[in-house]
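# Structural features, examined
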Amino acid sequence: MNIVRFLFLPVFAYVLGSIPCGLILTKCFADSDIRRHGSGNIGATNVRRVAGWKLGVLTLLADMAKGAIPVWLAILITDQDSRQFCISITAFCAFLGHLYPIFLKFKDGGKGVATAAGTFLMISPMTFLTAIIVFIGSVILTRRVSAGSLSAAVALAISSPIWTQSGIIGGCALLMAILIWIRHKDNIRRLLSGIEPALFMMAACIFVFPASVCASPVMDEDVQAYLQAINEIEKNSLEPITRRDILAKSLKAYLKLTDPFSAYLTPEEYDDFKSSQKSGYLGLGMEFEADASGRILCFPYPEGSAVKAGIRAGDVLESADGQDMTELSPFMAAVKSMGKEGTEAVLKILQKNGVHQEVRVKRAAPPTLSVRVEKQDDFILIRILSFTGTTRQEIQTALADAKDTPPIILDLRGNPGGDLYAATDCATLFLEKDKTIVGVKSRAETKLYKNMTLPLNIRTPIYIWQDEGTANAAEVFIAALIENGRAQSIGKKTIGKGVRQDITELADGSALFITTAWLQTPEGSLYHAKGLEPTHLLEGDSLQREQYLARFCELIEPQTAEGLPAAEKPLKSLPPLILIDKSKAAGKLLWAIQFGSYSSADAAIIALKQEKSRKNSRNLRLWVQIIGYKNDGDAHKDLKKFRKEGIDARLDSEQEAAIRYGVMIGLYPKKDDKLFKALKKDGLIGNDAYWVPVREN
């Protein structure tokens, strides 16, 4: 009978511990997958942050119950001789189930704090109480939940053998504490670097205390005069208006006038905001910012639904579903644009060229991964779509099997930022210990955040690609690497969003979203509204990947071209290039000159025919490169069209927003400046021509 109990209890405890309570609760009551939001953790802290305090508390109680129930059962059915051993094994299995749940394929588990607490609530209430007291004290002192969890784990390991007088139970507590610390490794790194998010007092006001307890009873003359003015307007205005309306409009007008990034949210608007955060609502695949005049600018996420609908960085949002957006703050524009997954929003957009456009954008979940990796012989290209809680691990994974890696390209074009703490966390991968990452300058002080951890890679050359769509947290990341001498940047000047905002709830349920600090570079420069200049500026509008890659290749002087004789004439005997997937292509790095880019195949054919008819170009190899095709069928139709005209062509599967047709001259083993100048002199290429690196099979 004891053997049956011994086998049943650990299995039962593990299965019960594996139930992902946070995931189930958020899916059932918030219509949301908690793994896609916040930190991605299924524990109570992230549920409370994303879905509200009610579901957070329910998750906490459920996770504690997963540990408490099997331990209570073990106490009930085991005899005195084997009780301590059986209880310890049962408790540890329940804890292990929460960390590595079988129902989630042994991944995406929680960090184990609540389940461990539940087990010791049954095993030793005094040990539980000691850990709770230490947890609360640590959170109050540090204002960080993770610090409280780590401290409570230590208290659990120390106090358990004292209160229980059992080495077996003490050993179980020690193993739990070690695993809790391991599961908090990212939090520990951020705590050491000083970038772990704080538990703001705002949260306490929302979830614990009424805001009125902090209201000052003292009213100075200025406040009295303001209230008197409100009373007079309410009493004598020709149009009926309430005090609440006067207050809301005056605060909105003042904040818009002084800081387009700040906002006042009425109680109704703030309720909408909180609902959008916890009810599975999704945005339109872009972030919003304000320009100097207060207009709402769109900055779509790469590969997001807004990009697919044709929205470009810097387009002005005029309305959404018939609602005027011109008077809203960027914060409220984001709230108003949210809705259920799969629904569409009809947006009116003012493009940079002055054209008004109406587009339909589908609300969809963001990409699961924030990083795209392309590995070539000569470089590794890591495109960071946005900084999220998983970006650091994704970059580490991309570089894990490349110890002696070639130069790294970090493509941050169109990256609207994301999580500031995630961006600073990623910067620690490439910076030496004690290097400054970012400065936060408030009215009271300037606080510097430094790398307090060991980096992953501090030797490999890094080249960052940036453009006018690079903003916010992405700018913090760029400045950290550039000003610490760790990278060079290529492209255009960034947007210049270098401020931090906090949200505070007021007594009547309204809220202020206000700018509280400037962000500054490691050298102390303020870049807000100025942007970050690239190390190597690229001229021209609508820059494409090829221009960035060409400038990169110039900077690294690729080994593949060294030692080869310069070509005085183009290579005329090469076969047509038909290359479906460049990332899988073999062969040496060669160069072509692109002298035109066209939006249709017919326009490219006309340009090539005109060029071929010129006397000076008859000995040149002219061909076309089709970039950004949407499906193989359309691409091959174009290929047939070019071949029918006797034109060489190749397909390139780069993910561009629209199909383009690049018209090329020749293929050369290395860049030949003498030839380039001669072609310019003969008028065969214009000032916009540039070298493009390609690969020949």
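Residues numbered from 1 in each chain as written. Predicted model: local features only at pLDDT ≥ 70, side-chain atom pairs only at ≥ 80, totals over all residues. Heavy atoms only, no water.

The subject of this paragraph is the confidence of the model for the protein. Across the protein, the average pLDDT comes to 80, with 82% of residues at or above 70. The low-confidence segment residues 200-219, where pLDDT is below 50, has 19 contacts with residues more than four positions distant or belonging to other chains. In this model, residues 558-587 is a region of pLDDT below 50 whose contacts with residues beyond four sequence positions or in other chains number 69 contacts. (pLDDT = per-residue confidence, 0-100. Contact = heavy atoms within 4.5 Å.)

Now for the nonpolar core. In terms of nonpolar packing, the biggest core is built from 40 residues, with W465, F552, I593, V624, F642, I665 and I685 touching the most fellow members. It is helix 20 (residues 545-556) that provides the largest number of residues to this core, a total of five residues. Counting residues in each nonpolar core, the second largest holds 37 residues, with I408, L412, I437 and A474 among its members. (Core = buried A, V, L, I, M, F, W, Y, C linked by side-chain atoms within 4.5 Å. Buried < 20%, exposed > 50% of the residue type's maximum accessible area, 1.4 Å probe, protein only. Helix = DSSP H or I, 4+ residues; strand = E, 2+ residues; numbered from the N terminus.)

What follows covers the sheet that holds strand 17 (residues 536-537). Strand order in the open sheet formed by six strands is 8-9-10-13-14-17, with mixed pairing between adjacent strands. Looking at strand neighbours, the two that pair on one side only are strand 8 (371-375) and strand 17, the edges of this open sheet. Here strand 10 (residues 408-411) runs beside strand 13 (residues 462-466); their pairing, made up of four bridges, is parallel. Bridging from a neighbouring strand, I409 pairs with Y463 of strand 13. Where helix 20 meets the sheet, it contacts strand 8, strand 9 (380-384), strand 10, strand 13, strand 14 (488-491) and strand 17, and its direction lies at approximately 155° from that of strand 13. (Pairing = 2+ DSSP bridges. Axes fitted to C-alpha atoms, helices over the stretch in contact; angles between N-to-C directions.)

Each pair of aromatic rings is reported with the distance of its centres and the angle of its planes. Across all of its chains, the model carries six aromatic pairs by this definition. When the ring of F387 is compared with that of F477, the centres are 5.3 Å apart and the planes differ by 40°; the resulting orientation is tilted. Placement of F387 in the loop between strand 9 and helix 17 (391-399) and of F477 in helix 19 (residues 473-483) is noted, with a sequence separation of 90 residues between them. Residue classification places F387 among the buried residues on the basis of a relative accessible area of 2%. Look at F477 and you get buried, because its relative accessible area is 1%. Centre to centre, the rings of W465 and Y548 are 5.4 Å apart; their planes meet at 40°, and the pair counts as tilted. Remark: Y548 occurs in helix 20 and W465 occurs in strand 13; sequence separation between them is 83 residues. Three or more aromatic residues joined by ring pairs form one cluster here, namely F379, Y463 and F552. If you follow R413 out to its NZ or CZ, it ends over the ring of Y548, 5.0 Å from the centre. (Phe/Tyr/Trp six-rings, centres within 6.5 Å; stacked < 30°, edge-to-face > 60°. Lys NZ or Arg CZ within 6 Å of the ring centre and 35° of its normal.)

A few words now on the pattern of salt bridges. Scanning the model with the defined rule gives 13 salt bridges in all. Between D63 and K66 there is a salt bridge, with its nearest N and O atoms 3.4 Å apart. A residue pair is termed a helical-turn pair when its members lie 3 or 4 positions apart in one helix, as D63 and K66 do in helix 4 (residues 53-77) at three residues. On the basis of relative accessibility, which here comes to 4%, the residue K66 falls in the buried class. Where E554 meets R551, a salt bridge forms, and the shortest distance between an N and an O atom there is 3.0 Å. One end of the pair is E554 and the other is R551, both in helix 20 and three residues apart, which spans about a single turn. Connected through salt bridges with shared partners, the residues R383, D411 and R413 form a single ionic network. (Salt bridge = Lys/Arg side-chain N within 4 Å of Asp/Glu carboxyl O.)

Taken together, the side chains of V11, V15, I19, I24, Y100, I102, F103 and F106 present a nonpolar region at the surface, about 690 Å² in accessible area. The topology assignment puts V15 in helix 1 (residues 2-17). Since its relative accessible area comes to 37%, V15 is described here as partly exposed. (Patch = residues over 30% accessible without salt bridge, like charges linked within 9 Å, V, L, I, M, F, W, Y side chains within 5 Å. Areas by Shrake-Rupley, 256 points an atom, 1.4 Å probe, with all protein chains shown as cover.)

This next bit is on the environment of R413. Along the chain, R413 falls in the loop between strand 10 and helix 18 (420-427). Sequence separation between R413 and Y301 is 112 residues, and the spatial gap between their C-alpha atoms is 9.8 Å. Residues in contact with R413, not counting those within four places in the same chain, are P302, R383, W465, Q466, D467, T470, Q544, R545 and Y548. Of note is the side chain of R413, whose polar atom sits 2.8 Å from the side chain of D411. (Polar contact = N/O pair within 3.5 Å; in protein donor to acceptor, adjacent residues only side chain to side chain.)

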